[in-house]
Every structure is written in structure tokens, then in C-alpha cells.
Amino acid sequence: MAIVTTSKKACSVNPLKMSQPIGGSFAFMGLRGAMPLLHGSQGCTSFGLTLFVRHFKEAVPMQTTAMSEVATVLGGYENVEQAILNIYNRTKPEIIGINSTGVTETKGDDVEGFIRLIRQKHPQLEKFPLVYVSTPDFKDAFQDGWEKTVARIVEVLVDHVEAGTARDPVRVNVLPGCHLTPGDLDELRTIIEDFGLKPSFLPDLAGSIDGHIPDEFTPTTIGGIGVDEIATMGQAGWTIAIGAQMKRAAEAMERKTGVPFRLFERLCGLIPNDEFISFLSEISGRPVPVKYRRQRGQLADAMLDTHFHIGGRKLAIGAEPDLLFDLSSMLHEMGAELAVAVTTTVSPVLERVKTREVLIGDLEDLEELAKARDCDLLITHSHGRQAASRLKIPFYRVGFPMFDRLGAGHQMSVGYRGTRDLIFDLANLVVGDREANHQPTPDTWRTTDVGLQVVPPQLH
């Protein structure tokens with residue numbers, strides 16, 4: 001069992017975590033026709049928008065209530081009202097998702113009360129979907145913002161279902177964690193549909209920011225799950241939650257609709273995917289398709305090929321809790337040693353990470369610990385590139401943000417195929433580093449006295 005500790009530094013020197021409001025806005029981006037709205041200063045929104053655009057290389061919709069110093073002191077009702085009206089009239093969204101920020105939480109704005117007053121004052125907004133989530137950025141992290149927002153979407157938008165109501169056994173709700181990419185969601189959708197099931201993803205980033213080019217420009221999100229589909233999620237036969245962070249939303253779904261759920265804390269690795277595939281076969285009543293039996297064999301072979309390079313390596317990983325747990329567990333099963341684990345926020349999975357200690361800290365902590373423990377590989381998001389350069393060790397980018405590489409949205413680690421490709425990428429990093437710093441061989445040895453190359457005897 002890992003010991004979870006918190007850094008005692010007075011400040012974060014090189015931040016690892018992204019803020020709660022950004023995580024909440026990210027969840028709203030998985031809804032069709034959505035406009036995420038941050039209730040705070042313009043700078044809060046600009047910072048988050050910059051991270052999203054650099055990560056996905058796409059146009060990302062986000063708006064702000066543009067709170068000034070005076071408005072913050074006097075209260076933000078007028079700013080919230082004007083922002084909602086402007087968005088509603090100009091961009092014609094299907095839903096507006098509102099996340100608070102530190103400045104408005106410190107003031108104590110009653111945004112739920114604001115929304116009730118706005119609906120009374122403007123009848124056209126009486127039934128328009130407005131979802132508010134409290135996500136102050138002075139506590140918690142990106143994963144927490146996503147977790148709270150998805151749970152709140154379920155509480156507000158999913159229709160209540162009476163006990164005994166007939167369900168559609170073919171329909172399956174999927175609640176993915178923020179550590180999954182649009183590429184991961186596409187892979188999961190294919191796997192689930194191959195069992196004859198019809199998945200509804202909430203949120204569905206694969207439909208909105210997967211890099212496709214729309215036929216025409218729209219100022220809101222260009223895909224994802226619609227509000228009407230969210231409302232009917234209570235008719236599904238099962239809910240599949242992926243990542244410990246999604247247990248809260250799955251429980252909210254079960255309380256409101258009675259739909260049972262199965263939580264998969266990780267989907268990277270051989271055993272977790274065996275359990276996932278077996279569960280799909282069980283609820284669908286269908287045998288496992290031949291292609292997944294073949295993919296399983298390919299993963300087993302890849303593990304055999306790469307364990308010579310990954311096994312015994314000391315790793316340093318900095319990531320959100322669910323991503324840290326997912327990756328580190330898989331690599332532990334490959335024989336690697338997790339020498340350094342740094343994360344962003346508390347989570348029940350941290351105690352089960354296969355290491356001595358998990359530190360809630362920043363990238364400076366990650367770098368110092370990796371140096372002290374002679375790590376062979378650094379794994380974190382793009383802000384860790386300078387640390388890897390100073391440590392002179394290979395660097396693998398995961399999580400958010402990833403702004404110095406292309407294709408972040410299509411990176412895949414779930415399923416047999418995703419795990420296979422991931423371990424090949426990691427093993428190739430280690431192989432490449434070894435070749436770049438190769439040791440002398442008999443063909444390249446030189447004598448120190450006369451500087452002559454020793455030529456091996458020729459065979460005739």
C-alpha cells in the first residue's frame with residue numbers, strides 16, 4: 001500500500017495540475033451544441049482556452065462572464081445575465097454549461113439563485129438547459145472539475161425513471177474519465193458496438209473535438225452527445241464507468257434512474273481488458289468476436305517482446321490520479337519499478353499505486369525525486385520536457401496539456417490495441433536512448449596508449 005503525502009512547499013514552482021474550472025469546461029465540450037462559460041475574469045478563460053487550443057490544435061468554444069474588480073465586489077448577477085443572453089441570442093447553443101472560478105467563489109456568488117432570477121425575467125430561458133457547477137480553482141484539480149461536472153449533468157439533465165420501468169437491454173451508458181482521449185472513446189465505441197450494444201457516452205469528446213472538419217462553421221461544440229439523448233439515459237440496461245473519478249456520476253445515475261453500473265478503474269493492460277471484454281459478452285449474451293481474441297494474442301506477444309526493455313526500469317510518473325494508477329499498474333505488470341509518483345489531488349486509488357509513496361505535488365518535486373532515485377524514464381504532460389532534458393532521460397508525454405506534439409487527441413491506451421501500441425512506444429523510447437548512448441563494442445574499442453583501433457581477426 002502506497003503512502004500518500006502532500007508537498008509542504010509554500011508555492012507551486014512548476015505546476016503539474018490544471019485547474020478545476022478547466023476540467024469542468026472540458027466535460028461540457030463533450031456535449032453537442034454546448035457553450036462552456038466560466039464565471040470569472042477574462043484571464044481565467046483565456047488561460048484555459050489557450051491550453052485547449054494548443055493541445056487539440058482546433059477551434060475551441062469558451063466564453064466568460066468577464067468579471068472586473070468592481071463587479072466582483074458588488075456581485076456578478078448582471079455579468080451572468082448578460083453573458084447568458086448574449087450567448088443564447090448570438091450563438092444559438094443547445095446548452096450553456098457554467099463553471100465558477102476562484103474569484104467568484106471567494107466573493108460567494110449564488111449562481112443557482114442568479115439562474116432562477118434570469119429564468120423568471122426572461123421567459124425564453126425558462127426551459128433552456130443551464131447547468132451550473134461549483135469548481136473553485138483554489139482547491140482540487142482538473143480531474144475533480146470533470147468529476148463534479150459530469151455528476152451534475154446527470155443530476156440536472158437525465159430524466160427520472162420510475163421503478164419497474166422497462167429498459168432497453170441493448171443500450172449502455174458509458175461515463176469516461178477525463179484521462180481518456182477522443183481516440184480512446186472511438187476505440188471503446190467500436191468494441192462495445194461489436195457486441196451488438198448501443199453506447200451513449202457522457203461526455204462524448206470523440207464527437208466534438210476529435211479533429212474532424214465540419215461542413216460549416218459553428219460557434220458551439222460541433223458534436224458530442226445531445227441534450228435529448230442525455231435525458232433518456234435512464235432507459236439503458238447498464239452504465240459503464242471508467243476511472244474511479246466516475247463513480248460519483250454512476251451513483252447519481254443509479255439513484256435517479258435505477259440503472260445498475262459497473263466501475264472499471266482502468267482499461268490499460270491485459271487483465272483489465274479481459275474483465276471488460278468478459279463483461280460485455282455477459283451483458284450482451286454474445287461470444288467474444290474473433291478479432292478481439294486475436295488482438296489479445298497480439299498484446300501478449302507485445303508484452304513478451306518488450307518486457308526485456310521495460311522490465312527493471314525505474315520510472316517517474318506525474319499525472320492525474322486515474323491516469324497515474326492506470327499507467328503505473330500496467331507498467332508494474334510489465335516488470336518496471338515505479339520509483340517516483342507525483343499527482344495532483346486526492347483519490348481513493350492512490351493508496352493502491354504500486355510504489356512506496358505517492359506525492360501530491362508539482363513538477364519540481366517530480367524532477368528532484370527522479371534525479372535522486374536515478375530514474376530511466378519520465379512520463380508526464382508537455383510541461384515536463386525541461387525536466388527530462390536536465391535529467392537526460394527519455395520522456396513520454398501523456399495527459400493534458402500536450403502542446404509540443406501533434407495528434408494528442410488520437411493517442412490511445414485503452415483496449416488490447418491501445419495497450420499494445422503504448423508499450424511499443426515506451427519500449428522504443430528506451431531502445432532509442434540506449435542506441436544514442438551506446439557502449440563500445442569490440443569493433444569500436446581503441447587502445448588508450450597509441451589510439452589505434454583494434455581490428456578483429458578476419459575469417460577466411
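Residues numbered from 1 in each chain as written. Predicted model: local features only at pLDDT ≥ 70, side-chain atom pairs only at ≥ 80, totals over all residues. Heavy atoms only, no water.

## With respect to the sheet that holds strand β5 (residues 130-133)
Spatially, β3-β2-β4-β5 is the arrangement adopted by the 4 strands of the open sheet, whose pairing is parallel. This sheet does not close on itself; its edge strands, each paired only once, are β3 (63-64) and β5. In the packing of helix α4 (residues 77-90) onto the sheet, the strands contacted are β2 (34-39), β3, β4 (95-100) and β5, and the crossing angle to β2 comes to about 165°. (Pairing = 2+ DSSP bridges. Helix = DSSP H or I, 4+ residues; strand = E, 2+ residues; numbered from the N terminus. Contact = heavy atoms within 4.5 Å. Axes fitted to C-alpha atoms, helices over the stretch in contact; angles between N-to-C directions.)

## Some details on the environment of V349
On the secondary structure map, V349 appears in the loop between β11 (337-343) and β12 (357-360). The exposure class of V349 is buried, given its relative accessible area of 0%. Taking the C-alpha atoms as reference points, V349 and G409, 60 residues apart in sequence, are found 25 Å from one another. Residues within four places of V349 in sequence aside, it is in contact with A244, E265, P321, D322 and F325. (Buried < 20%, exposed > 50% of the residue type's maximum accessible area, 1.4 Å probe, protein only.)

## Considering the domain arrangement of the protein chain
Partitioning the protein chain into structural domains gives domain 1 (17-267) and domain 2 (293-436). A straight line from the C-alpha centre of domain 1 to that of domain 2 covers 29 Å. With 30 residues of domain 1 at the contact, the number on the domain 2 side is 34 residues. Three residues stand out in domain 1 for area buried against domain 2, namely H55, E187 and R266, and they jointly supply 25% of the buried area on that side. Between domain 1 and domain 2 we count 4 salt bridges in total. Its salt-bridge partner being E265, residue R352 comes within 2.8 Å of it at the nearest N-O pair. Contributing elements (two or more residues each) for the side of domain 1 that touches domain 2: α2 (42-56), α7 (142-157) and α8 (182-193). For the side of domain 1 that touches domain 2, the element with the highest residue contribution is α8, accounting for 6 residues. (Domains from an automatic or database assignment. Buried area = accessible area lost by both parts, 1.4 Å probe. Salt bridge = Lys/Arg side-chain N within 4 Å of Asp/Glu carboxyl O.)

## Comments concerning the pairing of strand β10 (residues 314-318)
Across the 5 residues of β10, 4 count as buried, placing the element largely inside the fold. By the bridge criterion, 5 bridges tie β10 to β11 in an arrangement that is parallel. Note on β11: the bridge partner recorded for L315 is L338. Note on the crossover from β10 through helix α13 (residues 321-333) to β11: the handedness is right-handed. As judged from the 3 bridges shared by β10 and strand β13 (residues 377-380), these two strands associate in the parallel manner. Within β13, the position partnered with L315 by the bridge is L377. (Right-handed = clockwise from strand over helix to strand, strands pointing away.)

## Quick notes on the packing of aromatic side chains
Counting across every chain of the model gives 13 aromatic pairs. Both rings, one in F26 and one in W146, keep their centres 5.4 Å apart while their planes meet at 55°; by these two values the pair is tilted. In this pair, F26 is assigned in helix α1 (residues 20-28) and W146 in helix α7, connecting sequence segments 120 residues apart. In this structure, F26 and W146 share a single accessibility class: buried. Members of the aromatic cluster, connected to one another through ring pairs, are F26, F52, F56, F142, W146 and F400. The positively charged end of R54 is found above the aromatic ring belonging to F403, 4.1 Å away from the centroid. (Phe/Tyr/Trp six-rings, centres within 6.5 Å; stacked < 30°, edge-to-face > 60°. Lys NZ or Arg CZ within 6 Å of the ring centre and 35° of its normal.)

## Things to note about the side chain of H381
Mapping H381 onto the fold places it in the loop between β13 and α15 (385-391). Take H381: its relative accessible area is 4%, and that puts it in the buried class. Only 2.8 Å separates the side chain of H381 from the backbone oxygen of L16, close enough to count as a polar contact. (Polar contact = N/O pair within 3.5 Å; in protein donor to acceptor, adjacent residues only side chain to side chain.)

## Some thoughts on the packing of α7 against helix α10 (residues 247-257)
Viewed as axis vectors pointing N to C, α7 and α10 meet at an angle of 10°, and their least axial separation amounts to 8 Å. What the angle tells us is that α7 and α10 run roughly parallel. Contacts between α7 and α10 pair E147, K148, V150, A151, V154, E155 and V156 from the former with R248, A249, A252, M253, R255 and K256 from the latter. A per-class count over the contact of α7 with α10 returns 7 nonpolar, no polar and 6 charged. (Parallel < 35°, antiparallel > 145°, perpendicular 65-115°, else oblique. Nonpolar A, V, L, I, M, F, W, Y, C, P; charged D, E, K, R; others polar.)

## A word on the sheet that holds strand β9 (residues 261-264)
The strand order across the open sheet built from 4 strands is β7-β6-β8-β9, with neighbouring strands paired in parallel fashion. Each having just a single partner strand, β7 (198-201) and β9 make up the two edges of the open sheet. Strand after strand, the sheet turns through a mean of 25° between neighbouring axes, direction not considered. Of the strand pairs in this sheet, strand β6 (residues 168-176) and β7 are connected by 4 bridges, and their pairing is parallel. Pairing of V174 across the sheet is with F201, part of β7.

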